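The lines below spell out each chain.
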Amino acid sequence: MARKRRTAAMDGSTDSVLEATTVEAGFETAFAVALGDDLSAPARDDAPIRWTLNAGNDTPLTAGVCLADKVDGPPALTRRLRQIAVIAPQDGPRLAAHLSAGQRLVTREGALWRWDGYCRDAGAPSAAAERLSQKNRLAVLERELTALVPEREAAEASAVSARDSLRQAVAAETEARQGASAARATPPSPEKSRTEEK
């Protein structure tokens, strides 16, 4: 059941914190690796597994970029995100030795060092990171699509105008041909014939 719930959260079909969070482009993998499967839980008090606000007194991180500054999500994530620093890959092993309980170091490429000695190399697959990248790409495409609406509307108006002009030109040409045909088919008046004979 937990696997099913986690899979549902990753594909966007629940109210997980993953779906309620926007991550700055380029930091999706760091965010996904740092929080892992915990991203499938919602920040809802009635959920059996959930994120809740928990004000604590944590040791501040001094290295890297605080992940909380790159994420817009439920307030329940704030404390955890303030304990995660995004660092350069070469600094991980050195800085990991100075982590306090609960702190983590991650790279934008997905490497992870946790206070308790758990490590993860960059490049290991992450469904959450892929989902976040897709969300960010979708947001970019939606903005681009919105920006193209005026162009599309102008093109449609131009096409309608061109069709109207073509119809009018065809009608004018048809009328002119009919007039010419009628003129050729009408016999000359007797007066005109006499004038031509003189």
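Since we're looking at a predicted model, the values are computed, not measured. Residue positions are given per chain, counted from 1 along the sequence in the order it is written. Owing to the predicted nature of the model, reporting of local features is limited to residues with pLDDT of at least 70; listing and counting of side-chain atom pairs is limited to 80 or more, with chain, interface and lining totals taken over all residues. The side-chain figures draw on all heavy atoms in the structure; neither hydrogens nor water molecules are used.

Q: For this particular structure, what's the right way to read the overall build of the protein chain?
A: Each helix and strand in the protein chain was counted, giving six helices and seven strands. The contacts in the protein chain between residues at least 6 apart in sequence include a share of 51% that link residues at least 24 apart. All accessible-area figures derive from a Shrake-Rupley calculation using a 1.4 Å probe, and residue coverage is judged against the displayed protein chains alone. Accessible surface, the protein chain as shown: approximately 12,900 Å² in total, 53% of it carbon and sulfur. Numbering of helices and strands runs from the N terminus; a helix is a DSSP stretch of H or I covering at least four residues, while a strand is a stretch of E covering at least two. Contacts are assigned to residue pairs that have any heavy atoms within 4.5 Å of one another.

Q: Is there a simple way to explain the confidence of the model for the protein chain in this structure?
A: The predicted coordinates should not be examined in detail at positions where pLDDT is low. Overall, the prediction assigns the protein chain a mean pLDDT of 81, with 84% of residues at 70 or greater. Across the chain, each position has a pLDDT score giving the predictor's confidence in that residue, from 0 to 100. Here residues 1–13 is a poorly scored stretch, pLDDT under 50, and it has 19 contacts once near neighbours within four places are set aside; other chains count.

Q: Please explain the pattern of salt bridges as it appears in this structure.
A: For salt bridges, the criterion is a side-chain nitrogen of Lys or Arg within 4 Å of an Asp or Glu carboxyl oxygen. Within the structure shown, the criterion is met by nine salt bridges. Arg 44 is the partner of Asp 15 in a salt bridge, and the nearest nitrogen-oxygen pair spans 2.3 Å. Taken as a pair, Asp 15 in the loop between α1 (2–10) and β1 (22–23) and Arg 44 in the loop between α2 (28–35) and β2 (65–66) lie far apart in primary sequence, 29 residues in all. The class for Asp 15 is partly exposed, based on a relative accessible area of 39%. Residue classification places Arg 44 among the partly exposed residues on the basis of a relative accessible area of 32%. The partner of Glu 156 in a salt bridge is Arg 152, with the nearest N and O atoms 3.2 Å apart. Each residue's exposure class comes from its accessible area (1.4 Å probe, protein chains only) as a fraction of the maximum for that residue type: buried when under 20%, exposed when over 50%, partly exposed otherwise.

Q: Sorry, what's going on with the sheet that holds strand β6 (residues 112–114) here?
A: Paired through their backbone hydrogen bonds, the strands of a sheet run either parallel or antiparallel. Here, any two strands with at least 2 DSSP bridges between them count as paired. Strand order in the open sheet made by the five strands is β2-β4-β5-β6-β7, with mixed pairing throughout. At either end of the open sheet lies a strand with only one pairing partner, and these are β2 and β7 (119–120). Sheet analysis places strand β5 (residues 104–106) next to β6, joined by three bridges and oriented antiparallel. Residue Val 106 lies in a different strand from β6, and its bridge partner there is Leu 112.

Q: Just to check I follow, could you spell out the nonpolar core for this structure?
A: The tendency in soluble globular proteins is for nonpolar side chains to be buried side by side. Ranked by size, the top nonpolar core spans 23 residues in total, and within it Phe 31, Leu 35, Leu 67 and Leu 81 carry the most contacts. For this core, the secondary structure elements donating two or more residues are α2 and β4 (84–86). Those residues in contact with Leu 67 that sit more than four places away from it in its chain are Ala 30, Phe 31, Ala 34, Leu 81, Ile 84 and Val 86. With eight residues, the next largest nonpolar core counts Ile 87, Ala 96, Leu 99 and Ala 111 among its residues. For this analysis, a nonpolar core means a set of buried residues of the types Ala, Val, Leu, Ile, Met, Phe, Trp, Tyr and Cys, connected via side-chain atoms within 4.5 Å.

Q: Can you walk me through α2 in this structure?
A: Most of α2 is tucked away, with seven of its eight residues classed as buried. Within α2, the full set of buried residues consists of Glu 28, Ala 30, Phe 31, Ala 32, Val 33, Ala 34 and Leu 35. Gly 36, located one to two residues past α2, shows a positive phi value of around 55°.

Q: Explain the side chain of Thr 21 to me, please; I cannot follow it from the model alone.
A: Tracing the chain through its elements places Thr 21 in the loop between α1 and β1. Of note is the side chain of Thr 21, whose polar atom sits 2.4 Å from the backbone oxygen of Val 17. Two N or O atoms count as a polar contact when they lie within 3.5 Å, although within protein this holds only if one can serve as hydrogen donor and the other as acceptor, and sequence-adjacent residues are included solely when both atoms are side-chain atoms.

Q: I tried to follow the side chain of Gln 83 on my own but got confused; where do I start?
A: Looking at the secondary structure, you find Gln 83 in the loop between α3 (78–81) and β4. Look past the residues within four positions of Gln 83 in its chain and what remains in contact with it is Asp 58, Thr 59, Leu 61, Gly 102, Gln 103 and Arg 104.

Q: Which parts of the structure should I look at to understand the environment of Glu 130?
A: Within the secondary structure layout, Glu 130 lies in helix α5 (residues 127–185). The spacing of Glu 130 and Ala 32 is 98 residues in sequence and 8.7 Å in space, taken between C-alpha atoms.

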